[in-house]
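Here are the chains, one letter per residue:
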Amino acid sequence: MGGFFGVASRESAVFDLFYGTDYHSHLGTRRAGMAVYSKEKGFDRSIHNIERSYFRPKFEDDMLKMEGHLGIGCISDFEPQPLIVRSHHGTFAITTVGKINNIEEITNQLFKDNHSHFLEMSGGDINPTELVASIINQKSTLVEGIRYAQEVIKGSMSLLLMTPEGIYAARDRFGRTPVQIGQKDDGFCVCFESFSYLNLGYIAYKELEPGEIAFITPESVEIVAPGFSEMRICTFLWIYYGFPASTYEGLNVENIRYACGGKLAQRDIQRGIHPDLVAGVPDSGVAHAIGYSNTSGIPYSRPFVKYTPTWPRSFMPTVQSRRDLIAKMKLIPVNQLIKNKSLLLIDDSIVRGTQLRETTEFLYKSGASEVHIRPACPPLIYGCKYLNFSRSNSEMELITRRVIEKLEGYPSPDEATVRKYTDPDSPEYDAMLEEIRKDLNFTSLHYHRLDDMIEAIPLEPCKLCTYCWSGKE
């Protein structure tokens, strides 16, 4: 995934840029960067690998050396950025968040039209942010170029583009990711996560609409291209990867997770399931578990705690087996809360199932009598086409797809067959859940139903992207 933060200030922007960017560290684990502009020194940039260290220790020395009243920074799971580009528009810095599904098509068209060239990253990939800059440079103005990029990119793309005069901020054409603006006395900031500016003294100014483009200076925010009414914001923002203190479309993440947990509890009350304790897999499952506890009256507890002082984030390594090992090593049991207890555990989702299987075995070995699992979202059956929030390279990495193939008895079932497994009232859905339950050794397994999840998010359902669960655009 990825996140960004920008500052346009009458004073130095570097302090706010440093801490505002750092507050997006939960969105990416591989690359980070900052670019600043000052009238005296022009553009300056720093990029570091953060796979083995966090943002702040990597950039502390850079922060002391950088100067500028304008700045943009990013956390990225893939490409090095921000980039500094020199073009017929002048020099600008650019950072992006999103996913381009038609990179080859766009690249070939650029080669054909004007014989462009691109620097290859390791593995032969083209830096998507460099490609976005090239698309923008096809037009006579930056605003026309950004709008053109929104039109031709299949997938999603939100961006910040910094010129010597100010910062252009553009939200994805369908608003799949957020772009939010904050204000304080000496200027403005713009970011992915709304909480990232709160401790820096900013207050909420505006959330960009889908496709809307703003030009931000220390003195003002000008809307230079209007937004669109159609929205497909990623629902997983509230369920999983959004930070609890953030708000999107006026809806706070923590509150939505409480509501989702409450819906899960209501279903279990109807089923007559009443465990001794309810717990959340730290960290994103915790708020869902609190909501479950509040609704059901079943005590919330922490039968295991995450040791964070020295262990890195579980999804930091690129090798899946190492991520699984680190996730296991971080969890420390509280045996007095586990032994002879019936536990209900809420995780944000089940992707491959490996970590949750190990967590369940870990609880049984610690003396748990039952382990009931409640994922906070519906079964993930389709790979996301719009964002890079999952490291899955193939839909067959999803446990649901492997189980569907097993149940159908042949590889690659057709779309009509797969679609049956998305219906929570179908026998196919029940068979899939039972197979996953047995495979992962759960006492019981019930996912959050799609209709319940949508009801827990008070936004028009047509504005929510639920493709990874329903397969519907």
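The sections below set out a description of the structure shown in this document. Values in this document were obtained by computation on a predicted structure and should not be read as measured data.

Looking now at the pairing of strand S9 (residues 180-184). Pairing of S9 with strand S11 (residues 203-207), which is carried by four bridges, proceeds in the antiparallel orientation. Considered in S11, the bridge of glycine 182 is made with alanine 204. As defined by bridge partners, S9 adjoins strand S10 (residues 187-191) across five bridges and the pair is classed as antiparallel. Of the residues in S10, the one forming a bridge with glutamine 183 is phenylalanine 188. Hairpin connection between S9 and S10: a loop of two residues separates the two successive antiparallel strands.

Take the packing of helix H1 (residues 14-22) against helix H2 (residues 55-65) next. Between H1 and H2, the least distance of the axes is 11 Å, while the angle of their chain directions is 170°. Taken together, the axes of H1 and H2 are roughly antiparallel relative to one another. Seen from H1, the contacting residues are Val14, Phe18, Tyr19, Thr21 and Asp22; seen from H2, they are Phe55, Arg56, Phe59, Glu60 and Met63. In terms of residue class, the contact of H1 with H2 is built from six nonpolar, one polar and three charged.

A separate point is H1. Of all nine residues in H1, seven are buried; the element is thus mostly enclosed. Every buried residue belonging to H1 is among Val14, Asp16, Leu17, Phe18, Gly20, Thr21 and Asp22, and all of these are buried. Elements that come into contact with the buried residues of H1 comprise strand S1 (2-9), strand S2 (31-38), H2, strand S4 (70-76) and S9.

This part is about the nonpolar core. Counting 91 residues, the largest nonpolar core has Trp238, Tyr241, Ile350, Leu363 and Met432 as the members making the most contacts within it. In terms of nonpolar packing, the next biggest core, distinct from the first, is built from 27 residues, Ile94, Ile126, Ala133 and Ala149 among them.

The rules behind these values
- Residues numbered from 1 in each chain as written.
- Predicted model: local features only at pLDDT ≥ 70, side-chain atom pairs only at ≥ 80, totals over all residues.
- Heavy atoms only, no water.
- Pairing = 2+ DSSP bridges.
- Helix = DSSP H or I, 4+ residues; strand = E, 2+ residues; numbered from the N terminus.
- Axes fitted to C-alpha atoms, helices over the stretch in contact; angles between N-to-C directions.
- Parallel < 35°, antiparallel > 145°, perpendicular 65-115°, else oblique.
- Contact = heavy atoms within 4.5 Å.
- Nonpolar A, V, L, I, M, F, W, Y, C, P; charged D, E, K, R; others polar.
- Buried < 20%, exposed > 50% of the residue type's maximum accessible area, 1.4 Å probe, protein only.
- Core = buried A, V, L, I, M, F, W, Y, C linked by side-chain atoms within 4.5 Å.

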